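Tertiary structure, described
Listed here are the chains, written in short residue letters.
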Amino acid sequence: MSAAFAVESRACALLEHIAQHTPDACASASGRVNLIGDHVDYAGGMVLPMAIAARTAVAAARAGADDFYSECEADSRWKRYAEGVLAQLREQGIDVPTAVYAVASDVPLGAGLSSSAALEVAFARCALALATRELSHREIALLCQRAEHVYAKVPCGIMDQWCVTHAREGEAIALDCATLTHTAVQLPNQLRIELIDSHVRHTLGDGAYAARRADVENAAAMLGVEHLALLPRQRWCEIEHLPNPIAKRARHVVTENARVHEACRALRDHDLARLGMLLNESHASLRDDFEVSRTEVDALVAQARANGALGARMTGAGFGGYVIAAYCSTSH
Ligand code: GLA
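What you see is a predicted model; the values in this text were computed from it and never measured.

Okay, the site of the ligand next. Taken together, R32, D38, H39, D41, Y42, C156, G157, M159, D160, Y209, G316 and A317 make up the full set of residues adjacent to the ligand. A distance of 2.5 Å is found between an oxygen atom of the ligand and a side-chain nitrogen or oxygen belonging to D41. At a separation of 2.6 Å, an oxygen atom of the ligand approaches a polar side-chain atom of Y209. Because more than half of its atoms lie within 2 Å of the grid, the ligand is assigned to the largest pocket.

This brings us to the layout of surface pockets. Gaps left between atoms show up when a probe the size of a water molecule is rolled over them. Estimated volume of the largest pocket: approximately 800 Å³. As for the largest pocket, its lining consists of 44 residues, of which Y81, L109, G110, S115 and S116 are closest to the centre. Of all the secondary-structure elements, those providing two or more residues to the lining of the largest pocket are α2 (78-91), β5 (99-105), α3 (115-130) and α5 (159-166). The element best represented in the lining of the largest pocket is α3, accounting for 4 residues. Along the lines of polarity and charge, the residues of the lining of the largest pocket split into 19 nonpolar, 15 polar and 10 charged. Put simply, the second largest pocket is a space of about 220 Å³. Contributing to the lining of the second largest pocket are 17 residues, with D41, Y42, A43, G44 and R213 lying nearest its centre.

Each value, and the rule that gives it
- Residues numbered from 1 in each chain as written.
- Predicted model: local features only at pLDDT ≥ 70, side-chain atom pairs only at ≥ 80, totals over all residues.
- Heavy atoms only, no water.
- Near = heavy atom within 4 Å.
- Polar contact = N/O pair within 3.5 Å; in protein donor to acceptor, adjacent residues only side chain to side chain.
- 1 Å grid on protein atoms, 1.4 Å probe; cavity = no way out; pocket = protein on both sides within 12 Å on 5 of 7 lines; lining within 4 Å.
- Sits in = over half its atoms within 2 Å of the grid points.
- Points joined across faces, edges and corners; volume = space filled by probe spheres on them.
- Helix = DSSP H or I, 4+ residues; strand = E, 2+ residues; numbered from the N terminus.
- Nonpolar A, V, L, I, M, F, W, Y, C, P; charged D, E, K, R; others polar.

Given below as structure tokens:
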């Protein structure tokens, strides 16, 4: 049974159980893990995320008013994302009928694996099916990002929604966030990726993410550039004259963007040792300059390296969540 089929069946069963309705539409979307390139998407940088097998599914049945149910009722913040997506679709003139929605998910919440984008995109796909309308992957990604900005009040970049709408399971994409163009990236056969859960969860709506983004935007304004990640290397020395923590944030952004470009080359050349070093440098930069790691996460990164990983790092927004570790399959 495919991952998509299993989670979609759960969403449909939940809907039938709660609303006593046969679903009129059902859709799903995957989570993602970012190999390298965190906190550079909203600075016009390059990122290298890949779609994962875990998915979120939404089933819907037409009803007199919109109503939402989830397998996991404990946290109802997700409803804001759902309402946001529906409101954005209707604002665009898409006549989404009112419906009862049921959500099932295998993507851990607040763990850096893009549970929000998976939910938004699954909702958009399901609502579009209900309205018998279609939008392009790009339109869905941008609409879901706006829903997150306006309704969940998280000023996220475009990496997650773009990856979730465009990448196939197990496929990595190199996404240029300044031009919104991407290319698929082949992962060498001997590269084995492991995801390790720190069990520390975050909420990006609590302001820490927005504060980091504001630091990055301040740095760009002080340096007079539109995209901080694209600051030419000969101007990097100017960063050291900025006040802290702005200087530290800016140093992370420009070096992380350079690491993503180098990681793409390392993957192309099957140079896994180089890739591992870049992952390690990325973690140090997110921990020390961007200050979004946690001690629990640092400990898992150290443990993965001690267990033979070529490199390991936190992944996603930070403040907890998963660690990504890269192994050479012949050496482990
Ligand atoms: C969250 C955001 C993304 C990106 C990452 C950090 O996942 O949604 O846009 O900024 O954090 O790389």
